[in-house]
Amino acid sequence: MNAAVRAVVRMGIYVGAKVYFIYEGYQGMVDGGSNIVEAKWESVSSILQVGGTIIGSARCKAFHTREGRLQAAGNLVQWGITNLCVIGGDGSLTGANIFRKEWSGLLEELARNGKISEEAVTKYSYLNVVGMVGSIDNDFCGTDMTIGTDSALHRIMEVIDAIMTTAQSHQRTFVLEVMGRHCGYLALVSALACGADWVFLPESPPEEGWEENMCVKLSENRARKKRLNIIIVAEGAIDTQNQPISSEKIKDLVVKQLGFDTRVTILGHVQRGGTPSAFDRILASRMGVEAVVALLEATPETPACVVSLSGNQAVRLPLVECVQMTQDVQKAMDERRFKDAVRLRGRSFEGNLNIYKRLAIKLPDDQITKSNCNVAVINVGAPAAGMNAAVRSAVRVGIADGHKMLAIYDGFDGFAKGQIKEIGWSDVGGWTGQGGSILGTKRVLPGKFLKEIAEQIRAHSINALLIIGGFEAYLGLLELSAAREKYEELCIPMVMVPATVSNNVPGSDFSIGSDTALNTITDTCDRIKQSASGTKRRVFIIETMGGYCGYLANMGGLAAGADAAYIFEEPFDIRDLQSNVEHLTEKMKTSIQRGLVLRNESCSENYTTDFIYQLYSEEGKGVFDCRKNVLGHMQQGGVPSPFDRNFGTKISARAMQWITTKLKESYGKGKKCVSDDYICVLGISKRNVLFQPVADLKEETDFEHRIPKEQWWLKLRPLMKILAKYKASFDVSDSGQLEPVQDQNTQGEPA
């Protein structure tokens, strides 16, 4: 929420508006007085890394009454406030909408009572409202993610990872209760991200006889030498009769039926706390800026809107429709129409649930129709967190589709040497939380080994190939595609799933691994900024990875509140460096006496990190001193973030579905897979999941610098500058129109 508050304040001041804090939520609006304070640029300094909200939040009974809203209107008019930006859940947003509808009536009543003048009634005749959804449950319809959800998932995964290490030593069953009284999103996504054995959700209760089924599943897993069972329960979990299913009830059942050593962990308010994740900071910053733009463009006729996320686009939706739909979900659950409840939650929720079911429960072998196809999985390039989750997902979906799954070890090098083994369902258990690449990965391209690779494809009867990797994987796919004329063994369906911290693969807005790297950068910047709070007037220069791609430097800068980020995609010269130094010199005269500058490793051949450090040190003499830090390979390591685990799991499952479809098309018909649409890159573009032939992507690639020619995130470049007090023009061409909510649930595939 603080990142949203910061963005609204700074964007508001930037466009020349006066911005006010209202402390303690609606209570502060009703009480007025010292609860309403003008916000300055410095008021929101150093709050990005703070959890909660610095302006406070409170449930307010008075605002539920007309009398309370009358008082609130009087207080706003006193300050001349007619634009309201509300960050909260559906309750807060519903309240704001009622307030907006009553506004003119409230002002007339205030005038009748002599509290305000007739001129004030005319001058402040209408109230504009824009909402941003802040809720860790992700329970608001119309947006893919609400502010706070990703950070809550980080807390949950930290606990699960810690439990997993202790439980590996003892044979234990853990029942974890996570938040979500009316919405199972946190439970579902954390179950997907850790490969839980069973999950209980309010929207999708277990079928009759679940007690028996669950115990059978747990004992089967134990028999497969799985030492740890994890069951995740949403606090609002119910059965098909709408009776609550508590974590204690589940524990008692497991102990009584199976005699397993079982523990309950209730996460409670831990999930709300802690430092916000990089994803949440960027999301909230984007939404905050969009909210200000929406308020500036609003007219008396504009309905109240909510700024939402769809895919990776900020969109505006009518507030009333979103609230109505959110309430419809609850109504469907109350009436035991659970299929409708899941559908109303949106395409992302439904997609998560279907994939969880496919990955968690293995049908007995005799119930799986065999396809007689062998599908191989390979990791290529540098390691990226989330690769293992992608491999696990591919292996399990492949087995469920009746294929024999083969793992290729050590990239194309291992492929040529025949390091290929069958991999089974339980071989990939516990892989989602592991960093790096368990299969091993190398940057070697296949060009030198085409003959050997073709022989291995023939020897192992490989019918399709899934490649998980970065730019080398993309180049490798192009080489394999080009060699099909010479080697007919290569005429098989091949699909690549992008996985690289640099996020530089053409054909996809996101790559597996880049979110984890961003969190590493953000955490490090937070620590570095904290180290400067004792010493005044210090500027830190931090070098990030990414090759020629500035994604990490730019988005890390946005998430950490940097003053500048130097990237290859936006050329800079000595004059830019000079103006940055002057900007920092001015900043040191205020109460914020430290600076943060990010530099992408290959942004310039001559303006190296050392050069920039020395220039800043020289120019800043007597005003500030400098420190530099090269983050290096720590950005590639570490435990994958919840986003990367889930993104890897979901996108890899989609890739396997594509492979199965392509095999059905060609297998048995003797069709050779020679057309371009048999060799694709799977990526997310705006709101949709797309399979694009690798041949078509050549045009969109800058091969010399290993980046796509057009990159969506460059549009967010001015955001960082504006929030750091630079003059920059913000492109609002994408925003503007209100969209109907219903479209959100039908577009594309779940991202």
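Remember, it's a predicted structure, so these values are computed and weren't measured experimentally.

Parameters and conventions
Residues numbered from 1 in each chain as written. Predicted model: local features only at pLDDT ≥ 70, side-chain atom pairs only at ≥ 80, totals over all residues. Heavy atoms only, no water. Helix = DSSP H or I, 4+ residues; strand = E, 2+ residues; numbered from the N terminus. Rg over C-alpha atoms; globule rule 2.2 N^0.38 Å. Buried < 20%, exposed > 50% of the residue type's maximum accessible area, 1.4 Å probe, protein only. Pairing = 2+ DSSP bridges. Axes fitted to C-alpha atoms, helices over the stretch in contact; angles between N-to-C directions. Contact = heavy atoms within 4.5 Å. Core = buried A, V, L, I, M, F, W, Y, C linked by side-chain atoms within 4.5 Å. 1 Å grid on protein atoms, 1.4 Å probe; cavity = no way out; pocket = protein on both sides within 12 Å on 5 of 7 lines; lining within 4 Å. Points joined across faces, edges and corners; volume = space filled by probe spheres on them. UniProt positions renumbered as here; feature names shortened; annotations may be inferred. Polar contact = N/O pair within 3.5 Å; in protein donor to acceptor, adjacent residues only side chain to side chain. Patch = residues over 30% accessible without salt bridge, like charges linked within 9 Å, V, L, I, M, F, W, Y side chains within 5 Å. Areas by Shrake-Rupley, 256 points an atom, 1.4 Å probe, with all protein chains shown as cover. Salt bridge = Lys/Arg side-chain N within 4 Å of Asp/Glu carboxyl O. Lys, Arg positive; Asp, Glu negative; His and termini not counted. Charge placed at Lys NZ, Arg CZ, Asp CG, Glu CD. pLDDT = per-residue confidence, 0-100. Expected span 1.5 Å × (residues − 1).

What follows deals with the overall build of the chain. The helix and strand tally for the chain stands at 25 helices and 23 strands. Taking 751 residues into account, the globule formula puts the C-alpha radius of gyration at 27 Å, and the chain, at 27 Å, falls close to it. Expressed as lengths along the three principal axes of its C-alpha atoms, the size of the chain is roughly 90 × 70 × 50 Å. Out of the 751 residues belonging to the chain, those deemed buried represent 60%.

A separate point is the sheet that holds strand β19 (residues 625-630). Pairing within the open sheet is parallel, and its four strands lie in the order β17-β18-β16-β19. With partners counted over all chains shown, the strands left at the sheet margins are β17 (564-566) and β19, one partner each. The sheet shows a mean angle of 20° between the axes of neighbouring strands, direction not considered. For strand β16 (residues 538-544) and strand β18 (residues 594-600), the ladder comprises seven bridges, and the chain directions are parallel. Within β18, the residue paired with Ile 542 across the bridge is Leu 598. In the packing of helix α20 (residues 574-587) onto the sheet, contacts are made with β16, β17 and β18, and the angle to β18 comes to roughly 155°.

Counting 134 residues, the largest nonpolar core has Ile 232 and Leu 466 as its most contacted members. No other element matches the 12 residues that helix α10 (residues 278-297) contributes to this core. Not counting residues within four places of it along the chain, the set of residues in contact with Ile 232 comprises Ile 160, Leu 176, Val 178, Ala 187, Ser 190, Ala 191, Cys 194, Ala 196, Trp 198, Val 199 and Phe 200. Grouped together as the second largest cluster of nonpolar side chains are 39 residues, Ile 81, Phe 99, Leu 107 and Phe 140 included.

Turning to empty space enclosed by the protein, a few remarks are in order. Counted according to the given criterion, the structure contains three cavities of 30 Å³ or more. By volume, the largest cavity is sized at about 500 Å³. Lining of the largest cavity is provided by 29 residues; of these, Met 145, Phe 279, Leu 309, Gly 311 and Phe 643 occupy positions nearest its centre. Elements with a minimum of two residues in the lining of the largest cavity: α6 (149-169), α7 (185-194), α10, α13 (347-360), α18 (514-531), α19 (551-560) and α22 (642-666). Per element, the largest residue contribution to the lining of the largest cavity is five residues, and it comes from α22.

So, about the UniProt feature "binding site: Mg(2+)" (unreviewed entry) in the chain. Per the UniProt record, "binding site: Mg(2+)" (unreviewed entry) is annotated on Asp 90. Within the secondary structure layout, Asp 90 lies in helix α4 (residues 90-112). Each residue touching Asp 90, except ones within four places of it in the same chain, is listed here: Phe 140, Val 323 and Thr 326.

The next thing to look at is the side chain of Arg 281. Tracing the sequence through the fold places Arg 281 in helix α10. For Arg 281, a relative accessible area of 0% puts it in the buried group. Only 3.1 Å separates the side chain of Arg 281 from the backbone oxygen of Pro 276, close enough to count as a polar contact.

Moving on, we come to a negative patch on the surface. A cluster of acidic residues, Asp 696, Glu 699, Glu 700 and Glu 710, forms a negative patch at the surface. You can see Asp 696 is positioned in helix α23 (residues 694-697).

Attention now moves to the confidence of the model for the chain. Do not read the fine detail of predicted coordinates wherever pLDDT is low. In the predicted model, the chain carries a mean pLDDT of 91, and 96% of its residues have values of at least 70. By mean pLDDT, the top-scoring element of the chain is strand β12 (residues 404-408) (98), and the lowest-scoring one is helix α25 (residues 741-746) (47).

The next point concerns helix α14 (residues 387-400). Here α14 contains 14 residues, and its C-alpha end-to-end distance of 20 Å stays within 8% of the 20 Å for a straight helix at 1.5 Å per residue. Among the 14 residues of α14, 13 are classified as buried, and the element is accordingly described as predominantly covered. Positive backbone phi, at 90°, marks Gly 402, one or two positions downstream of α14.

In this section: the pattern of salt bridges. When the charged atoms of two side chains with opposite charge come close together, those side chains can pair. Evaluated as defined, the whole model comprises 38 salt bridges. For Arg 347, the salt bridge goes to Asp 144, with nearest N and O atoms at 3.9 Å. Of this pair, Arg 347 sits in helix α13 while Asp 144 sits in the loop between β4 (128-133) and α6, placing them 203 residues apart in sequence. Accessibility expressed as a relative area gives 17% for Asp 144, which makes it buried. For the salt bridge of Lys 621 with Glu 618, the shortest nitrogen-to-oxygen distance reads 3.3 Å.

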